[in-house]
Amino acid sequence: DQQVKQNSPSLSVQEGRISILNCDYTNSMFDYFLWYKKYPAEGPTFLISISSIKDKNEDGRFTVFLNKSAKHLSLHIVPSQPGDSAVYFCAASAGQGGSEKLVFGKGTKLTVNP
Amino acid sequence: ETGVTQSPTHLIKTRGQQVTLRCSSQSGHNTVSWYQQALGQGPQFIFQYYREEENGRGNFPPRFSGLQFPNYSSELNVNALELDDSALYLCASSLAGANNYGYTFGSGTRLTVV
């Protein structure tokens, strides 16, 4: 039973446009959500996070939106750049104490075309 | 500040054999978590070590075991290897009590079981 779902395996956008990556979750105990970016042959690197007490968090070109009632979050990248091409993982945890396990989605492969 | 280093980077083993994977945590981190990423899947939590003791375990059989050493480095041991154990094994270190974005992942060990 997948508790974190990323239903789009891949997404292709043009450079300069907006990229929107979506994620759904089922476990109501999750209260902290993260996005990780992964290049081939590298480990996942933290991108941005959001606590369940917020509905939006912004960091430069990256914004994460959280809709708790729908159990849905999305990552917006504006403007998209070719260097953003990577696999993006949505992850969730119950708590943010630095020792909670992360539950990951299957990832969405983003390709940004020049 | 050094990141998380994992060794070896690649490994090929025969079904039924045993394997040990190693992880050096990031300087200042005291918690190590191990994740298994099968092809086309997101990372799945195996277990976590804190203060040299197991501090949480995912849905993995007992043939997956681990150790954490006084310098916070860690080992993942898998006995009686099965073909389905073929995956990328990721180690992540963190500081207990910090926010989850403190998780730093290594580049992983690619294990192939034949």
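Structure first, text after, so check above.
Values in this document were obtained by computation on a predicted structure and should not be read as measured data. (Residues numbered from 1 in each chain as written. Chains lettered and ligands numbered in written order. Predicted model: local features only at pLDDT ≥ 70, side-chain atom pairs only at ≥ 80, totals over all residues. Heavy atoms only, no water.)

How should I be thinking about the sheet that holds strand β1 (residues 5-7) of chain B in this particular structure?
Across a sheet, paired strands are connected by hydrogen bonds in the backbone, their directions being either parallel or antiparallel. All names here are of chain B. Read from one edge of the open sheet, four strands run β1-β3-β8-β7, paired in antiparallel fashion. Edge positions in the sheet fall to β1 and β7 (64-68), since each of these pairs with one other strand and no more. When the angles between neighbouring strand axes are averaged without regard to direction, this sheet yields 20°. Here β7 pairs with strand β8 (residues 74-78) via five bridges, running antiparallel. The partner of Ser65 across the bridge, within β8, is Asn77. (Pairing = 2+ DSSP bridges. Helix = DSSP H or I, 4+ residues; strand = E, 2+ residues; numbered from the N terminus. Axes fitted to C-alpha atoms, helices over the stretch in contact; angles between N-to-C directions.)

For this particular structure, what's the right way to read the state of the cysteines?
Cysteine pairs can be covalently joined through their sulfur atoms, and such a bond is termed a disulfide. For the coordinates displayed, the defined rule picks out two disulfides over all chains. One disulfide in the model links Cys23 of chain A with Cys90 of chain A; its S-S distance is 2.1 Å. Handedness of the Cys23 of chain A-Cys90 of chain A disulfide follows from its S-S torsion of about -75°: it is left-handed. Within this pair, whereas Cys23 of chain A is found in strand β3 (residues 19-25), its partner Cys90 of chain A is found in strand β9 (residues 86-93), the two being separated by 67 residues in sequence. Looking at Cys23 of chain A, the relative accessible area reads 1%, which means it is buried. The class for Cys90 of chain A is buried, based on a relative accessible area of 0%. In this model, Cys23 of chain B is linked to Cys91 of chain B through a disulfide, with the two sulfur atoms separated by 1.8 Å. Classification of the bridge connecting Cys23 of chain B and Cys91 of chain B rests on its S-S torsion, roughly -65°, and on that basis the disulfide is left-handed. (Disulfide = S-S within 2.5 Å. Buried < 20%, exposed > 50% of the residue type's maximum accessible area, 1.4 Å probe, protein only.)

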